Amino acid sequence: MAISTPRNAAPADHGSGTGLLGRALAGFGLPGPRREQHVLTVDQLGAVALPVGGDGVVVGVEGDGSPAVLGLFRPRPYHVVLVGGVWTAQLIALRAAATGARVAVETGRGQAWSPVAQAAGGGQPCMTVHPIGRLGPQGASVAGPVLVIRDAGPRPSRTRLSAAPWQAMLTLLPYLADGADRLLSQADLVGVQRVAPQEATQIARVLDLPAQEAAALPNLGDGVTLWTDRRTRTFVQGGPTAAEAHVLGQARRVD
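As the structure is a prediction and not an experimental result, all values here were calculated from the model.

Colleague: Before we move on, can you summarise the nonpolar core with the specific residues and values?
Modeller: Counting 35 residues, the largest nonpolar core has Leu72, Val103, Met127, Leu147, Leu170 and Trp227 as the members making the most contacts within it. For this core, the elements supplying multiple residues, two or more each, are strand 1 (57-61), strand 2 (67-70), strand 3 (78-83), helix 2 (86-98), strand 4 (102-107), helix 3 (110-119), strand 6 (146-151) and strand 7 (167-173). Top element by residues in this core is helix 2. It accounts for 9 residues. Apart from residues no more than four positions distant in its own chain, Trp227 is found in contact with Val59, Leu70, Val80, Leu82, Ile92, Leu189, Val190, Gly191, Thr232, Arg233, Thr234 and Val236.

Here it is, written out as structure tokens:
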């Protein structure tokens, strides 16, 4: 089948600018750059592979520099206990909101959480702050997972919020008090930041930590957290991005 050239098209002179224009008007497009093909052997494919880990919330980096990811949202209730500072809980809240999850905070220090809730989501109501005892059902689903953060002091009261699939609950304990053993033993995941030596001994007993890791707990730096689900343990260094530092400041253990 013959292809006709538009009446006003320039001659197809590939050696000049006029020829290139004519080629484009004729519907052929401009000739692209001429490059040699790049061919990889099977052994070289690994060099261009992208590391893909589990999905979840990135809370920092592990000792080898790989991202530390918490898989918070599951088709069953999931309970996390963090013995540490509110800074780390707020970092997790911001990053959970960035994944598209809703975050509901039950706290007695709303003045500390309100600026974080306003910053999360760029004005979208993805994070809400509630007085202690005023948090109701959240309606979590696979399409709308929810992170509930309970910042209710070292002796959090029982909540009327029932556990639910696709709803993770993070209980923040600034230090250990009566009832802490029960919370630690029932949690699916425990994070421990810098604690006093006697608290480290108590935590090691409940979580069955090796002596070397228990001895490290009183000397952890700001932003460092030991995460354990009793099967695995890893020390994670958490640090803010520039945007997060603008809201939260730098990592700190004590508020």
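Alright, that's what it looks like, and here's the rest.
Colleague: Tell me about the packing of aromatic side chains, and name the residues and values.
Modeller: Summed over the entire model, instances satisfying the criterion amount to 0 aromatic pairs. In this structure, Arg74 is placed above the aromatic ring of Tyr78, and the distance from its NZ or CZ to the ring centre is 4.2 Å.

Colleague: Please provide a residue-by-residue account of the pattern of salt bridges, values included.
Modeller: Under the definition given, this model contains 8 salt bridges. For the salt bridge of Arg150 with Glu106, the shortest nitrogen-to-oxygen distance reads 2.7 Å. Remark: Glu106 occurs in strand 4 and Arg150 occurs in strand 6; sequence separation between them is 44 residues. With respect to class, Arg150 is no different from Glu106; both count as buried. Taking the shortest distance from any N to any O, the salt bridge between Asp151 and Arg109 comes out at 2.7 Å. Residue Asp151 is found in strand 6, and its partner Arg109 is found in the loop between strand 4 and helix 3; the two are separated by 42 residues along the sequence.

Colleague: Tell me about helix 3, and name the residues and values.
Modeller: Taken residue by residue, helix 3 has Trp113, Val116 and Ala117 as its buried positions. Taken end-on, helix 3 shows its buried residues confined to a sector of 100°, consistent with a single buried face. Helix 3 presents Gln111 and Gln118 as exposed residues on the side facing more than 90 degrees away from its buried surface. Considering only its buried residues, helix 3 is in contact with helix 2, strand 4, strand 5 (127-130), strand 6 and helix 7 (242-248). Phi for Gly121, located one or two positions after helix 3, is positive at around 75°.

Colleague: Could you give me a rundown of the side chain of Gln90, with the residues and numbers involved?
Modeller: Relative to the elements of secondary structure, Gln90 occurs in helix 2. In this structure the side chain of Gln90 is engaged in a polar contact, spanning 3.0 Å, whose partner is the backbone oxygen of Ala112. Sequence-distant contacts of Gln90, defined by excluding residues within four places in its chain, comprise Ala112, Trp113, Val116 and Leu248.

About the criteria used
Per chain, residues are indexed from 1 in the order of the written sequence. This being a predicted model, a pLDDT of at least 70 is required before a residue's local features are given, and a value of 80 or more before pairs of side-chain atoms are given or counted; all residues contribute to the totals for chains, interfaces and linings. Only hydrogens and water are removed before side-chain values are computed, so all heavy atoms of the structure are retained for them. Residues grouped as a nonpolar core are buried Ala, Val, Leu, Ile, Met, Phe, Trp, Tyr and Cys residues, joined through side-chain atoms within 4.5 Å. When a residue's accessible area, from a 1.4 Å probe over protein chains only, is under 20% of the maximum for its type it is buried; when over 50% it is exposed; and in between it is partly exposed. Secondary structure counts use DSSP, requiring at least four H or I residues in a row for a helix and at least two E residues in a row for a strand, with both numbered from the N terminus. Residues are treated as being in contact if the distance between any of their heavy atoms lies within 4.5 Å. Under the pairing criterion, centres of Phe, Tyr and Trp rings, with the six-membered ring standing for Trp, must be within 6.5 Å; the plane angle then separates stacked pairs below 30 degrees from edge-to-face pairs above 60, leaving the rest tilted. Definition used: whenever NZ (Lys) or CZ (Arg) falls within 6 Å of the ring centre and also within 35 degrees of the ring normal, the charge is taken to sit over that ring. Salt bridges are defined as contacts in which a side-chain nitrogen from Lys or Arg sits within 4 Å of a carboxyl oxygen from Asp or Glu. An arc is given here, and it is the one of the directions from the helix axis to the C-beta atoms. Polar contacts, as counted here, are pairs of nitrogen or oxygen atoms within 3.5 Å of one another; within protein the pair requires one atom able to donate a hydrogen and one able to accept it, and residues that are adjacent in sequence qualify only if both atoms are side-chain atoms.

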